[in-house]
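# Commentary on secondary and tertiary structure
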Amino acid sequence: DAGVTQSPTHLIKTRGQQVTLRCSPKSGHDTVSWYQQALGQGPQFIFQYYEEEERQRGNFPDRFSGHQFPNYSSELNVNALLLGDSALYLCASSSPPGQGIHEQYFGPGTRLTVT
Amino acid sequence: AQSVTQLDSQVPVFEEAPVELRCNYSSSVSVYLFWYVQYPNQGLQLLLKYLSGSTLVKGINGFEAEFNKSQTSFHLRKPSVHISDTAEYFCAVTTITSGTYKYIFGTGTRLKVLA
């Protein structure tokens, strides 16, 4: 049973560029959440997708957007990259929100470096 | 709004000694609590969770945590640590809001086990 997978593992971009990160949830999960983890910090919630809709959003600007596909996989898009966007981006999958609290399973992350 | 405080950024401890990693939270509603471990260059792995019921929760790798509602704490303990326990540990809190949930993470505690 494959767990949560993310691609790419590493990425280097230049300020002002755009980036797309991808995530496939654990088998049986249909809810995907994205987190940003800056160096030496805890993960910060970006947003959560369920049934192809953004259900909840953290304190991130509109430059951060996402999408969920019918197969439950998800993309995180960041426009107009800033140096401060350099971080580990984590994807987590879980059971639907309506089924109560379930633990989130995390992928290995995508390390984004903005130069 | 919920928040999580991990009071110790680093905890050095000798192998086979006991360890306690502290976590305090604030919330005006019922919470669900988690401890995750992160090894270098990896995603987060769930150690244990408190959803309801017994306040003493046992997790993987010999870890346990106790939920203390009056002190709003959820400290993580292990009676005897191994070198392989060296990692970053994150405490997280979540509640259900409008049928969805998001995790709020602490800033992490780096556990370093010394030989």
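Let us look at the structure shown here. (Residues numbered from 1 in each chain as written. Chains lettered and ligands numbered in written order. Predicted model: local features only at pLDDT ≥ 70, side-chain atom pairs only at ≥ 80, totals over all residues. Heavy atoms only, no water.)

### Overview of the overall build of chain B
How we decide: Every helix listed is a DSSP run of H or I at least four residues long, and every strand listed is a run of E at least two residues long, numbered separately from the N terminus. The size measure is the radius of gyration over C-alpha atoms, and the globule rule it meets is 2.2 Å times the number of residues to the 0.38 power. Throughout, a residue-residue contact means that at least one pair of heavy atoms, one from each residue, lies within 4.5 Å. Per-residue accessibility takes into account occlusion by the displayed protein chains alone, with areas from the Shrake-Rupley method and a 1.4 Å probe. Only four residue types enter the charge count, namely Lys and Arg as positive and Asp and Glu as negative; His and the chain termini do not. Here the site of a charge means NZ on Lys, CZ on Arg, CG on Asp, or CD on Glu.
Helix and strand content of chain B: zero helices and 14 strands. Counted from the first residue to the last, chain B has its helices and strands arranged as β-β-β-β-β-β-β-β-β-β-β-β-β-β. Over its C-alpha atoms chain B spans a radius of gyration of 14 Å, differing by no more than 12% from the 13 Å that the globule rule assigns to 115 residues. Each principal axis of the C-alpha distribution contributes one length, and for chain B these read about 50 × 30 × 20 Å. If you take every contact in chain B between residues at least 6 apart in sequence, the share linking residues at least 24 apart comes to 56%. Carbon and sulfur atoms make up 50% of the accessible area of chain B, which totals about 5,600 Å². Each charge sign in chain B was given a centre, from 9 positive and 8 negative side chains, and these centres are 9 Å apart.

### Topic: the state of the cysteines
Residues and elements named next belong to chain A. To keep things clear, this is the line we draw: Any two cysteine sulfur atoms within 2.5 Å of one another count as a disulfide. Relative accessibility thresholds used throughout: buried, under 20% of the residue-type maximum; exposed, over 50%; partly exposed, between the two (1.4 Å probe, protein chains only).
Tallied over the full model, the rule gives two disulfides over all chains. Note that C23 is cross-linked by a disulfide to C91, the S-S spacing being 1.8 Å. The S-S bond linking C23 to C91 shows a torsion near -60°; that makes this disulfide left-handed. Remark: C91 occurs in strand β9 (residues 87-94) and C23 occurs in strand β3 (residues 19-24); sequence separation between them is 68 residues. Taking the relative accessible area as the measure of exposure, C23 reaches 2% and is therefore buried. According to the relative accessible area criterion, C91 is buried, its value standing at 0%.

### A closer look at the packing of aromatic side chains
Here is the rule: Centres within 6.5 Å are what make two rings of Phe, Tyr or Trp a pair, Trp counting through its six-membered ring; a difference in plane orientation under 30 degrees is then read as stacked, over 60 as edge-to-face, and the rest as tilted. We call a charge positioned above a ring when the Lys NZ or Arg CZ atom is no farther than 6 Å from the ring centre and deviates by at most 35 degrees from the ring normal.
For the structure on display, the rule yields 16 aromatic pairs over all chains. Here Y35 of chain A and F105 of chain B contribute two aromatic rings whose centre-to-centre distance is 5.6 Å and whose plane-to-plane angle is 90°, an arrangement assigned as edge-to-face. With Y35 of chain A in strand β4 (residues 31-37) and F105 of chain B in strand β13 (residues 104-105), the pair connects residues from two separate chains. Put simply, the rings of Y35, F45 and F106 of chain A together with F34, Y36, F90, Y103 and F105 of chain B pair up and form one aromatic cluster. Over the ring of Y105 of chain A we find K26 of chain A; its NZ or CZ atom is 5.2 Å from the centre of that ring.

Note that every value here comes from positions in space, so none of it alone points to a role or purpose.
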